[in-house]
Amino acid sequence: MKAFGIQEQWTHLVSQSNRLKIGVLVSFLVLMPFTFAQDEDDEDIFVLSPFEVDTSDDSRWRNTDSTSGTTLNTAIKDIPMSIEVINSDFLEDIGATTFEEALEYSAGVNLELFSTPSELVNISTRGYVGSSESAMIGGFVIEGSEPLTVLIQGVGQELIGAPGLDASNTLSNPTISLVNAEGEIIKTNDNWFSEDESAKSQAMISTGSYILAENSKSSALLATLDPGLYSVVVNGVEGLDGIALAEVYRVPGDSSSRLVNVSTRAQVGVGHQVTISGFVIEGDSNMKLLVQGVGFELIGGPELTIDNVLWNTVIALQGATSEIAADDDWDFYNSDLKLQAMIDTGSFLLFPNGPSASLLETLAPGGYTVSMSGYDSSEGIALVEVYEID
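Model, not experiment: these values are computed from the prediction.

A.B. asks: Can you tell me about the overall build of the protein chain, naming the residues and giving the values?
C.D. replies: Looking only at helices and strands, the protein chain features 6 helices and 18 strands. Across the 390 residues that make up the protein chain, the buried fraction comes to 41%. Within the protein chain, counting contacts between residues at least 6 apart in sequence, those at least 24 apart form 75% of the total. Total accessible area on the protein chain is roughly 21,400 Å²; 52% of this is exposed by carbon and sulfur atoms.

The following block contains the structure:
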């Protein structure tokens with residue numbers, strides 16, 4: 001009779017609600033074998049606590065009318081098309097706070113249509129600046145169909161106070177020269193406040209670059225450039241040497257053109273003379289990049305020989321809080337993919353089994369740095385490259 005009592009309750013509950021919670025069902029399944037096995041003279045009796053199944057709140061996410069499926073307030077059952085309903089209960093349950101987050105759960109919606117394509121907006125390199133072949137040379141590419149305004153700076157004394165840097169090892173008076181793809185000097189500057197100081201000051205504020213003091217001997221220039229390849233040469237006045245920073249910033253504006261590639265050739269040393277390149281990805285989507293530390297392949301270039309080139313480069317990619325990846329000897333890992341990326345981007349083609357370094361990474365929007373050093377504390381001239389991959 002005890003067994004029949006349990007079965008009678010089971011039948012009654014199932015007929016009362018077809019949305020019985022799985023936890024209640026499991027509770028019955030666990031209890032039933034023990035109940036059927038009881039002897040009638042057994043004094044142990046299992047007593048179920050009273051409970052109630054309530055389905056009054058089972059209408060969440062349910063809408064009966066629509067004003068978006070048609071131009072009029074129409075019953076959803078009468079709309080001759082497939083639609084999806086997003087109401088406040090749905091948004092609360094998925095924790096969505098933006099329109100894009102809500103659409104992640106909607107079929108047939110391409111969220112890329114609502115996102116801003118990512119781009120490189122700030123590029124910079126800190127390194128040792130010497131004379132002649134030891135000058136620091138930064139290169140960048142503007143891609144698009146419209147002119148783009150950039151702020152270019154050669155920063156020296158403002159670096160004093162950074163880790164390992166003081167007045168004795170920073171470049172106190174840097175000069176910068178902007179050169180086009182034909183090797184022609186477009187603009188030069190020494191002591192930024194000597195010309196266009198008001199426009200430059202505004203550009204420093206809008207881009208978030210170093211804010212130079214009026215009496216600073218650092219250099220800066222503004223240039224509106226057609227799409228193409230450009231380089232920035234940083235030297236010291238009258239042969240001065242030391243650590244300096246070369247910066248290229250996209251000045252906010254209406255131009256659809258953008259910065260796509262950056263490279264810097266510098267004298268790589270140890271300690272504070274390690275070359276460090278920085279870049280910022282701005283937008284809503286991830287960006288795939290080829291990052292390279294080129295050494296051995298430079299031999300044979302102007303004033304570059306086996307004696308002054310850094311043969312074996314090591315690179316490390318750093319995010320906001322930690323190291324993302326590092327490489328020494330490029331073809332040890334992912335060599336086929338890296339080689340294809342070199343071909344696609346037009347970057348340096350590294351020798352098979354060569355000692356240069358290369359990384360292939362997909363990065364979220366944010367700020368990153370690439371440090372380049374020599375294996376086993378070796379020194380020499382090398383090139384760090386960051387190329388965007390379509």
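Moving on, there is more to tell.
A.B. asks: If you had to explain helix α6 (residues 335-345) to someone new, which residues and values would you point to?
C.D. replies: Every buried residue of α6 is listed here: Lys338, Ala341, Met342 and Thr345. Projected onto a plane normal to the axis of α6, the buried residues spread over an arc of 105° and lie on a single side. Opposite its buried face, α6 presents the exposed residues Asp336, Ile343 and Asp344, each directed more than 90 degrees away. One or two positions beyond α6, positive phi appears at Gly346, with a value near 80°.

A.B. asks: Summarise the pairing of strand β16 (residues 357-363); cite the residues concerned and give the values.
C.D. replies: For β16, the tally of buried residues reaches 5 of 7 residues, placing the bulk of the element in the interior. Pairing of strand β13 (residues 287-294) with β16 involves 7 bridges; the strand directions are antiparallel. For Gln292, the partnering residue across the bridge sits in β16 and is Ser358.

A.B. asks: Would you mind going over the packing of aromatic side chains in detail, with residue names and values included?
C.D. replies: This structure, assessed with the given rule, holds 5 aromatic pairs. The interplanar angle of 25° and the centroid separation of 5.7 Å between the aromatic rings of Phe279 and Tyr368 together place this pair among those described as stacked. Of this pair, Phe279 sits in strand β12 (residues 275-282) while Tyr368 sits in strand β17 (residues 366-374); the two residues are 89 residues apart in sequence, bridging distant segments of the chain. With a relative accessible area of 10%, Tyr368 lands in the buried category. Ring centres of Phe296 and Trp311 lie 5.1 Å apart, and the angle between their planes is 70°; this geometry places the pair in the edge-to-face category. Of this pair, Phe296 sits in the loop between β13 and β14 (313-318) while Trp311 is found in the loop between β13 and β14, placing the two residues 15 residues apart along the sequence. An aromatic cluster of three or more residues is present, and its members are Phe296, Trp311 and Phe351.

A.B. asks: Residue-level account of the nonpolar core, with values.
C.D. replies: Grouped together as the largest cluster of nonpolar side chains are 43 residues, with contacts concentrated most on Phe140, Ile152, Leu178 and Phe279. Considering every element that reaches this core, the biggest residue donor is strand β11 (residues 258-268), with 4 residues. In contact with Ile152, not counting residues within four places along its chain, are Phe140, Ile176, Leu178, Ser219, Ala220, Leu221, Val232, Glu247 and Val248.

A.B. asks: For the environment of Leu159, give the residues involved together with the corresponding values.
C.D. replies: Within the fold, Leu159 resides in the loop between β5 (148-155) and β6 (174-180). Along the chain, Leu159 and Ala244 lie 85 residues apart, while their C-alpha atoms are 7.5 Å from each other. Non-local contacts of Leu159, meaning those with residues more than four positions away in its chain, are made with Arg126, Leu165, Thr170, Tyr210, Ile243, Ala244 and Leu245.

A.B. asks: Describe the side chain of Asp327, listing the residues and the values that go with them.
C.D. replies: Within the fold, Asp327 resides in strand β15 (residues 323-328). With a relative accessible area of 10%, Asp327 lands in the buried category. At 2.8 Å, the side chain of Asp327 and the backbone nitrogen of Ser358 are in polar contact.

A.B. asks: So, the pattern of salt bridges: which residues are in play, and what are the values?
C.D. replies: This model, assessed by the stated rule, comprises 4 salt bridges. Between Arg250 and Glu119 there is a salt bridge, and its shortest N-O distance comes to 3.3 Å. Of this pair, Arg250 sits in strand β10 (residues 242-250) while Glu119 sits in strand β3 (residues 119-129), placing them 131 residues apart in sequence. Arg250 gets classed as buried once you look at its relative accessible area, which sits at 13%. Residues Arg258 and Glu388 are paired through a salt bridge, measuring 3.1 Å at the closest nitrogen-oxygen approach. Taken together, the positions of Arg258 in strand β11 and Glu388 in strand β18 (residues 380-389) put the pair 130 residues apart, joining distant regions of the chain. Judged by its relative accessible area of 13%, Glu388 falls in the buried class. Through salt bridges that share partners, Glu143, Arg258 and Glu388 make up one connected network.

Criteria and thresholds
- Residues numbered from 1 in each chain as written.
- Predicted model: local features only at pLDDT ≥ 70, side-chain atom pairs only at ≥ 80, totals over all residues.
- Heavy atoms only, no water.
- Helix = DSSP H or I, 4+ residues; strand = E, 2+ residues; numbered from the N terminus.
- Buried < 20%, exposed > 50% of the residue type's maximum accessible area, 1.4 Å probe, protein only.
- Contact = heavy atoms within 4.5 Å.
- Areas by Shrake-Rupley, 256 points an atom, 1.4 Å probe, with all protein chains shown as cover.
- Arc of directions from axis to C-beta.
- Pairing = 2+ DSSP bridges.
- Phe/Tyr/Trp six-rings, centres within 6.5 Å; stacked < 30°, edge-to-face > 60°.
- Core = buried A, V, L, I, M, F, W, Y, C linked by side-chain atoms within 4.5 Å.
- Polar contact = N/O pair within 3.5 Å; in protein donor to acceptor, adjacent residues only side chain to side chain.
- Salt bridge = Lys/Arg side-chain N within 4 Å of Asp/Glu carboxyl O.

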